Amino acid sequence: LPGGKSAVAGAVTMDKPTARQDATSYNNFYEFGTDKADPARTAGTLKTRPWTVAIEGAVKKPRTIGLDDLMKLAPMEERIYRLRCVEGWSMVIPWVGFSLAELIRQVEPTGNAKYVEFITLADKAQMPGLRSGVLDWPYAEGLRMDEAMHPLTLLAFGMYGEVLPNQNGAPVRLVVPWKYGFKSAKSLVKIRFTEQQPGTSWNKAAQQEYGFYSNVNPKVDHPRWSQATERRIGEDGIFAKKRPTLMFNGYEAQVGQLYAGMDLAKFY
Amino acid sequence: MNKLLSHAAARPLLFVLMLLPAAQLVWGAFANTLGPNPAEALIRGSGDWVLRSLVLALAVTPLREALGWTALARWRRMLGLFAFFYGVLHFLCYAWLDMGFAADDIVRDIAKRPFILVGTAALLVMVPLAATSFNAAIRMLGAARWKALHRGVFVAVGLALLHFFWMRAAKQNFGEWSVYAGLVALLLGWRLWRWRARPAPGVQASHPARQRAAAPRAQGGRAVGPPP
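Residues numbered from 1 in each chain as written. Chains lettered and ligands numbered in written order. Predicted model: local features only at pLDDT ≥ 70, side-chain atom pairs only at ≥ 80, totals over all residues. Heavy atoms only, no water.

## Some thoughts on the overall build of chain B
Along the backbone of chain B there are 12 helices and zero strands. For chain B, the α and β elements follow one another from N to C terminus as α-α-α-α-α-α-α-α-α-α-α-α. Counting every position in chain B, which comprises 228 residues, the buried fraction comes to 41%. Taking contacts inside chain B between residues at least 6 apart in sequence as the whole, the part at least 24 apart equals 70%. Surface summary for chain B: the accessible area is close to 12,300 Å², and the carbon and sulfur share equals 70%. (Helix = DSSP H or I, 4+ residues; strand = E, 2+ residues; numbered from the N terminus. Buried < 20%, exposed > 50% of the residue type's maximum accessible area, 1.4 Å probe, protein only. Contact = heavy atoms within 4.5 Å. Areas by Shrake-Rupley, 256 points an atom, 1.4 Å probe, with all protein chains shown as cover.)

Encoded structure:
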């Protein structure tokens, strides 16, 4: 799956990309098990064709789009993003996709569309992890409209120049590089435009630990651990000190203005 | 079975077997075979072996008494020391790989995170046990006090289980934890059952044979004392 050059500011980080082997074998995708080695082992059962994504809610043109049509909606671009997991590790991944804004413009949100909700596939027949009660299924995430429209917010179909492996959220997923990884919902089946802030799976599971915004922020600790540093998978050697985590995962210049005047300790 | 267990090679063999996981972790760290996050693998791998060593050490007395494998008694101290060894390794891995040996960060982290606090407490409880695990310590303390001190292993295993439970609570993944908790419950339950079933002290006093049997243990300074 080739991707062209992107003109979006911040689209290509200079950081060294993580080895593909690491990025495809160390995954949090609870629908396929809670251990990070589980998805690579069990996600083979996911059927990514045929696949449709339903667009609904406060839009003038609600529709259900087949994967092939969705992929033709805009030119594919390569985006090399830092990925910071809330657990304290990070990777650098070359994604292939286009800005979510391209899709949003085509479905014409109404004035009532203040938020966007993302719903992930939840099919017990394909996803052994759904047996676990750790989260409310289907997995749901959400963004504020301006966050969803930001050009860095990516609708990704591939990584490392190939279509997404199942364990990484095939066939289509969200990538929001300035937020903790769990905001980037995988294997999307529904995108809903809402007036009210949507509930999100992790917020429902542990309200004090995971807020709606979940922006990468070294100054706001997780209640159970510090967020000041991170371990870059494959690059920081075992005995290397962890590297400092950057505000908005290093995308402050691009996204800082979205949160001007907000108390980020309160809206964590 | 007793003959097999008391074979001259049995204890050295156990020693090597218990050392293998550590060797495998160290080898894996240098050969880079511990997966995408080797630091995490080292911390978790060493922690797993604390619980496993504790379960094995706690299994000695029940097996010895229930199955009559008296030769096992000589193994208990070594297994307990391995629990401490893996505990120290576990803490060192955390302090080095996660915290970069920054003492102030470590102290703050221990105070801030209950599950780290409980794990550290488990290790601290094991320190005096490991420090008094030689024969002369039993003579110095007296068998009764030594025995009381070494009941601390029950506290240590309880704290270790709580530490592991909290760590897994984030993902509500309690499968492995239940296995350890079940084994510990079984081994401690057996002790409770035996303690309740024993004759009352007055009755005991009228059994000189029992006292005679206990006497050499108390005075002989045996490394492995009476079952706590």
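Still more ground to cover, so stick around.
## Some words on the packing of aromatic side chains
Residue and element names in this part refer to chain A. One pass over the full model with this rule turns up 22 aromatic pairs over all chains. When the ring centre of Tyr 251 is taken as reference, the NZ or CZ atom of Arg 82 above it lies at 4.6 Å. The lysine or arginine in question, Lys 183, covers the ring of Phe 212, its NZ or CZ lying 4.5 Å from the ring centre. (Phe/Tyr/Trp six-rings, centres within 6.5 Å; stacked < 30°, edge-to-face > 60°. Lys NZ or Arg CZ within 6 Å of the ring centre and 35° of its normal.)

## Description of the packing of helix 2 (residues 10-31) of chain B against helix 3 (residues 38-67) of chain B
In helix packing, the relevant descriptors are the interaxial angle and the interaxial distance, both defined with respect to the helix axes. All names here are of chain B. Running from N to C, helix 2 and helix 3 point in directions that differ by 180°, and their axes come no closer than 11 Å. Judged by the angle between their axes, helix 2 and helix 3 are roughly antiparallel. Packed against helix 2, whose contacting residues are Met 18, Pro 21, Leu 25 and Ala 29, the element helix 3 presents Ala 41, Leu 42, Gly 45, Ser 46, Trp 49, Ser 53 and Leu 56 at the interface. Within the contact of helix 2 with helix 3, the residues separate by chemical class into eight nonpolar, three polar and no charged. (Axes fitted to C-alpha atoms, helices over the stretch in contact; angles between N-to-C directions. Parallel < 35°, antiparallel > 145°, perpendicular 65-115°, else oblique. Nonpolar A, V, L, I, M, F, W, Y, C, P; charged D, E, K, R; others polar.)

## A short note on helix 3 of chain B
For an α-helix, the turn length of 3.6 residues means that residues three or four places apart are oriented alike. Residue and element names in this part refer to chain B. Helix length check: helix 3 (30 residues) gives 41 Å between terminal C-alpha atoms against 44 Å at 1.5 Å per residue, within 8%. The largest bend in helix 3 amounts to roughly 30° and is located at Ala 59, with the proline Pro 62 lying one to four residues further along. Immediately beyond the C-terminal end of helix 3, within one or two residues, lies Gly 68, with a positive phi of roughly 75°. (Expected span 1.5 Å × (residues − 1). Bend = angle between axes of the 7 residues up to and from the residue.)

## Notes on the pattern of salt bridges
All names here are of chain A. The full count for this structure, using the stated rule, is 27 salt bridges over all chains. Its salt-bridge partner being Asp 68, residue Arg 49 comes within 2.5 Å of it at the nearest N-O pair. Placement of the pair is Arg 49 in the loop between helix 2 (38-42) and strand 1 (52-57) and Asp 68 in helix 3 (residues 67-71), with a sequence separation of 19 residues. Note on Arg 49: relative accessible area 43%, which makes it partly exposed. (Salt bridge = Lys/Arg side-chain N within 4 Å of Asp/Glu carboxyl O.)

## Overview of the UniProt feature "transmembrane region" (unreviewed entry) in chain B
Residue and element names in this part refer to chain B. UniProt feature "transmembrane region" (unreviewed entry): in the numbering of this structure it lies at residues 50-67, 79-97, 117-136, 148-165 and 177-193. Secondary structure content for residues 117-136 is 85% helix and 0% strand, and the end C-alpha separation is 32 Å. As annotated, residues 177-193 has a helix share of 100% and a strand share of 0%, and its two end C-alpha atoms lie 24 Å apart. (UniProt positions renumbered as here; feature names shortened; annotations may be inferred.)

## A word on the UniProt feature "domain: Ferric oxidoreductase" (unreviewed entry) in chain B
Following the UniProt record, the feature "domain: Ferric oxidoreductase" (unreviewed entry) maps to residues 54-160 of chain B here. Between the end C-alpha atoms of residues 54-160 of chain B there is a gap of 9 Å, over a span that is 83% helix and 0% strand.

## Some thoughts on the environment of Tyr 180 of chain B
All names here are of chain B. Checked against the element boundaries, Tyr 180 lands in helix 10 (residues 175-197). Exposure remark for Tyr 180: the relative accessible area of 7% places this residue in the buried category. Along the backbone, Tyr 180 and Ala 130 are 50 residues apart, and their C-alpha atoms lie at a distance of 22 Å. Not counting the four nearest positions on each side in its chain, Tyr 180 is found in contact with Asp 48, Leu 51, Arg 52, Val 55, Leu 161 and Phe 164. There is a polar contact of 2.8 Å between the side chain of Tyr 180 and the side chain of Arg 52. (Polar contact = N/O pair within 3.5 Å; in protein donor to acceptor, adjacent residues only side chain to side chain.)

## Considering the sheet that holds strand 10 (residues 188-194) of chain A
Residue and element names in this part refer to chain A. Taken in spatial order, the five strands make up an open sheet running 2-1-10-5-6, and their pairing is mixed. The open sheet has two edge strands with one neighbour each: strand 2 (63-66) and strand 6 (140-144). For this sheet the average axis-to-axis angle between neighbouring strands, irrespective of direction, equals 20°. Looking at chain direction, strand 5 (residues 115-120) and strand 10 are connected through six bridges and run antiparallel. If you follow Thr 120 over to strand 10, its bridge partner there is Leu 188. This element, helix 4 (residues 100-107), spans strand 1, strand 2, strand 5 and strand 10 of the sheet and lies at about 60° to strand 10. (Pairing = 2+ DSSP bridges.)

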